[in-house]
Amino acid sequence: MSTVKANDLTNVTGGIPTVKSQQLIPTAWVNFNGSTVAIRGSENVSSLTDNAVGQYRVNLSITLANTNYAISVTGTGANTSSGQCQLDSLSWGGSGEITGMTTTSFNIRGSNGGSPISNSDHQNVNAIVMGGQ
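The residue numbers shown here count from 1 along each chain, following its written sequence. Local features in this predicted model are restricted to residues of pLDDT 70 or higher, and side-chain atom pairs are both shown and tallied only at a pLDDT of 80 or more, whereas totals for entire chains, interfaces and linings draw on every residue. Calculation of side-chain values draws on the structure's entire complement of heavy atoms; hydrogens and water are dropped beforehand.

Draft legend 1. Summary view of the overall build of the protein chain. Within the protein chain one finds zero helices and 10 strands. Each helix and strand of the protein chain, ordered N terminal to C terminal, gives the series β-β-β-β-β-β-β-β-β-β. Throughout, exposure labels follow a simple rule: accessible area from a 1.4 Å probe, protein chains only, divided by the maximum for the residue type, with under 20% read as buried, over 50% as exposed, and the rest as partly exposed. Every one of the 133 residues in the protein chain was classed for burial, and the buried ones make up 32%. When contacts within the protein chain are restricted to residue pairs at least 6 apart in sequence, long-range pairs at least 24 apart make up 59% of them. Where helices and strands are cited, they refer to DSSP runs of H or I of at least four residues and of E of at least two residues respectively, numbered from the N terminus. Contacts were defined at the residue level, with two residues in contact if any of their heavy atoms lie within 4.5 Å.

See the structure below:
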């Protein structure tokens, strides 16, 4: 087996490198403070929009080719120990439908995990985007 070492990999067309047609790295990612709506670190994320308490729009600095991408979101630091962070969906009941995904942005909604569930800011919010290119 051979080992390839490189400081930088680029697809010949300028996109994200692939192996067996699979992207090697996330298309975009962001770590931010949802209480102050401040980005701590990111790649291919240009800014955040504070839509309301616990509701954020992540604006990408790239334009994806389609909206067939996957997003993984985590959040901690809500007002209750059972706080959760989820993608903006049509209902809290969880049909799993995701809204607001475009080729340049997507929505995240944080909740307190209580009963009744209500929006809540989170101190630590992380999102990873895979695909869409």
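More follows now that the structure is in view.
Draft legend 2. Up close: the side chain of serine 105. Relative to the helices and strands, serine 105 resides in strand β9 (residues 105-111). Accessibility expressed as a relative area gives 4% for serine 105, which makes it buried. Two N or O atoms count as a polar contact when they lie within 3.5 Å, although within protein this holds only if one can serve as hydrogen donor and the other as acceptor, and sequence-adjacent residues are included solely when both atoms are side-chain atoms. Reaching out from serine 105, the side chain makes a polar contact with the side chain of arginine 57 at a distance of 2.6 Å. Serine 105 has contacts with Arg57, Val58, Asn59, Leu60, Tyr69 and Gly100, leaving out every residue within four places of it along the chain.

Draft legend 3. Structural view of the pairing of strand β6 (residues 55-60). Across the six residues of β6, five count as buried, placing the element largely inside the fold. Criterion used throughout: strands pair if DSSP finds at least two bridges between them. Bridging between strand β5 (residues 45-52) and β6 involves six bridges; their strand directions are antiparallel. Directly across from leucine 48, in β6, lies its bridge partner valine 58. Once β5 ends, the chain turns through two residues before running back antiparallel as β6, passing glycine 54 with a positive phi of about 70°. Looking at chain direction, β6 and β9 are connected through five bridges and run antiparallel. Counterpart to asparagine 59 in the pairing with β9 is serine 105.

Draft legend 4. Structural context of the environment of asparagine 33. Locating asparagine 33 in the fold gives a position in strand β3 (residues 28-33). Considering only alpha carbons, one finds asparagine 33 and asparagine 124, 91 residues apart in sequence, at a separation of 5.1 Å. Setting aside its immediate chain neighbours within four residues, asparagine 33 contacts Ala38, Arg40, His122 and Gln123. Within polar-contact distance, the side chain of asparagine 33 engages the backbone nitrogen of serine 35 at 2.7 Å.

Draft legend 5. Examining the sheet that holds β3 more closely. The four strands are arranged β4-β3-β10-β7 in an open sheet whose pairing can be described as antiparallel. Two strands close off the open sheet at either side, each with one partner strand: β4 (38-43) and β7 (69-76). Within this sheet the neighbouring strands show an average axis-to-axis angle of 10°, counted without direction. As judged from the five bridges shared by β3 and strand β10 (residues 124-131), these two strands associate in the antiparallel manner. Bridge pairing links asparagine 31 to asparagine 126 in β10. Angular values range over 0 to 180 degrees, each being the angle between N-to-C directions of two axes fitted as lines to C-alpha atoms, with helices fitted over their stretch in contact.

Take it as geometry only, folks, not as evidence of what the structure does.
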